[in-house]
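One letter stands for each residue in the lines below.
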Amino acid sequence: MTSSSAPSRKSLSKIACNRLQKELVEWQVNPPAGFKHKVTDNIQRWVIEAIGAPGTLYANETYQLQVDFPEHYPMEAPQVIFLHPAPLHPHIYSNGHICLGNSYCTGCMYRRFGEEEKGEEEGQVEEDEEEQRREKKKEEEEEAMVEEKEEDQEEKKYILYDSWSPAMTVSSVCISILSMLSSSTAKQRPADNDRYVKNCRNGRSPKETRWWFHDDKV
């Protein structure tokens, strides 16, 4: 099974290799509950089976996470996505991208890096004028929401993105993802799922997205 977000990767540094070997040993001794590492010869890409926790909307459902490690892991965050089919969740897009923060809320707002630069993605199909006006209006509304929540945003960081810490591990990320799933009260996609997935159709990594929460109610 392959991912729709396969980043071009450089070989792991010695520090990254040593760190991942250590994490593998720790995982074998004390794996996080509800997860199983599927052993392969590729240490730079882990595939992890995730099982929904009992008593939750995802109880006994099985999904697969794909973790891709960058050259300078753990100084850089890994890319973590769900392989198809991704669970229905307000923070998980149908292409497997995850909006994972240290505060779990319903729905995510995003803006692609460089979105304001015209001509960045020359291969995209041109939008007609009416669709462009709709997109512009939607972006203005999103900007207004972000401004209203500017103060709160300092408290809400994105574990897989701007708030990554070298102290975090694959196990701790898995635990956070399971907690996010377990706390959900609805099985549904983010409101902007179709738009986001369309913008990612050329294999854009979720790490190239700026994520913002826009609803703290689950």
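Note: the structure precedes this text.
This one's a predicted model, so the numbers in the text were calculated from it and none came from an experiment.

Draft legend 1. Highlighting the overall build of the chain. Within the chain, the secondary structure is distributed over five helices and six strands. Along the chain direction, N to C, the helices and strands of the chain fall in the order α-β-β-β-β-β-α-α-α-α-β. Burial statistics for the chain: of 218 residues in total, 44% are counted as buried. Accessible surface, the chain as shown: approximately 12200 Å² in total, 50% of it carbon and sulfur.

Draft legend 2. Looking closely at helix α1 (residues 14-29). A rise of 1.5 Å per residue sets the reference length of α1, with its 16 residues, at 22 Å; its end C-alpha atoms lie 23 Å apart and thus fit the reference within 8%. Buried residues along α1 sit in contact with β1 (35-38), β2 (45-51) and α4 (170-182).

Draft legend 3. Looking closely at the pattern of salt bridges. Considering all chains together, one arrives at three salt bridges under this definition. In this structure, the salt-bridge partner of Glu-23 is Arg-19, at a minimum N-O distance of 2.8 Å. Here Glu-23 and its partner Arg-19 are both found in helix α1, four residues apart, which amounts to about one turn of the helix. For the pair formed by Glu-23 and Arg-19, the shared burial category is buried.

Draft legend 4. Examining the environment of Asn-60 more closely. Its place among the elements puts Asn-60 in the loop between β2 and β3 (62-68). Considered as a pair, Asn-60 and Gly-34 are 26 residues apart in the sequence and their alpha carbons are 9.3 Å apart. Not counting the four nearest positions on each side in its chain, Asn-60 is found in contact with Ile-51 and Gly-52.

Draft legend 5. Representation of unusual backbone geometry. Omega for the bond connecting Tyr-73 with Pro-74 falls within 30 degrees of zero, at 5°, which places this linkage in the cis form. Relative to the helices and strands, Pro-74 resides in the loop between β3 and β4 (79-82). Here His-84 and Pro-85 are connected by a cis peptide whose omega angle stands at 0°. As for its placement among the helices and strands, Pro-85 is situated in the loop between β4 and β5 (108-112). In the Ramachandran plot, Asn-60 falls in the positive-phi region, its phi being about 65° despite a non-glycine side chain.

Draft legend 6. Summary view of the packing of aromatic side chains. According to the stated counting rule, one finds six aromatic pairs in the structure shown. On the numbers, 5.4 Å between centres and 70° between planes, the contact of Trp-46 with Phe-69 is edge-to-face. Of the two residues, Trp-46 is situated in strand β2 and Phe-69 in the loop between β3 and β4; the sequence distance between them amounts to 23 residues. The pair formed by Trp-46 and Phe-69 is uniform in burial state, with each residue classed as buried. Ring plane angle 70° and centroid distance 4.8 Å describe the contact between Phe-69 and Tyr-73, whose orientation is recorded as edge-to-face. Residue class for Tyr-73 comes out buried when judged on its relative accessible area of 0%. By the ring-pair criterion, three or more aromatic residues cluster together here, those being Trp-27, Trp-46, Phe-69, Tyr-73 and Trp-164.

Scoring rules and cut-offs
- By convention here, each chain's residues receive numbers from 1 onward along its written sequence.
- In view of the model being predicted, local features appear only for residues whose pLDDT reaches at least 70, and side-chain atom pairs are presented and counted only at 80 or more, with totals across whole chains, interfaces and linings using the full set of residues.
- Hydrogen atoms and water are omitted, and side-chain values are computed over all heavy atoms in the structure.
- The helix and strand labels rest on DSSP assignments: H or I over at least four residues marks a helix, E over at least two residues marks a strand, and numbering proceeds from the N terminus.
- Relative accessibility thresholds used throughout: buried, under 20% of the residue-type maximum; exposed, over 50%; partly exposed, between the two (1.4 Å probe, protein chains only).
- For every accessible area listed, the method is Shrake-Rupley and the probe measures 1.4 Å; residues are considered covered only by the protein chains on display.
- Expected span of a helix: the number of residues minus one, times 1.5 Å.
- Residue contacts are defined here by distance: any two heavy atoms, one from each residue, within 4.5 Å place the two residues in contact.
- Salt bridges are defined by distance alone: a side-chain nitrogen of Lys or Arg within 4 Å of a carboxyl oxygen of Asp or Glu.
- Ring pairs shown here join Phe, Tyr and Trp side chains whose ring centres sit within 6.5 Å, with only the six-membered ring taken for Trp; geometry is labelled stacked below 30 degrees between planes, edge-to-face above 60, and tilted in between.

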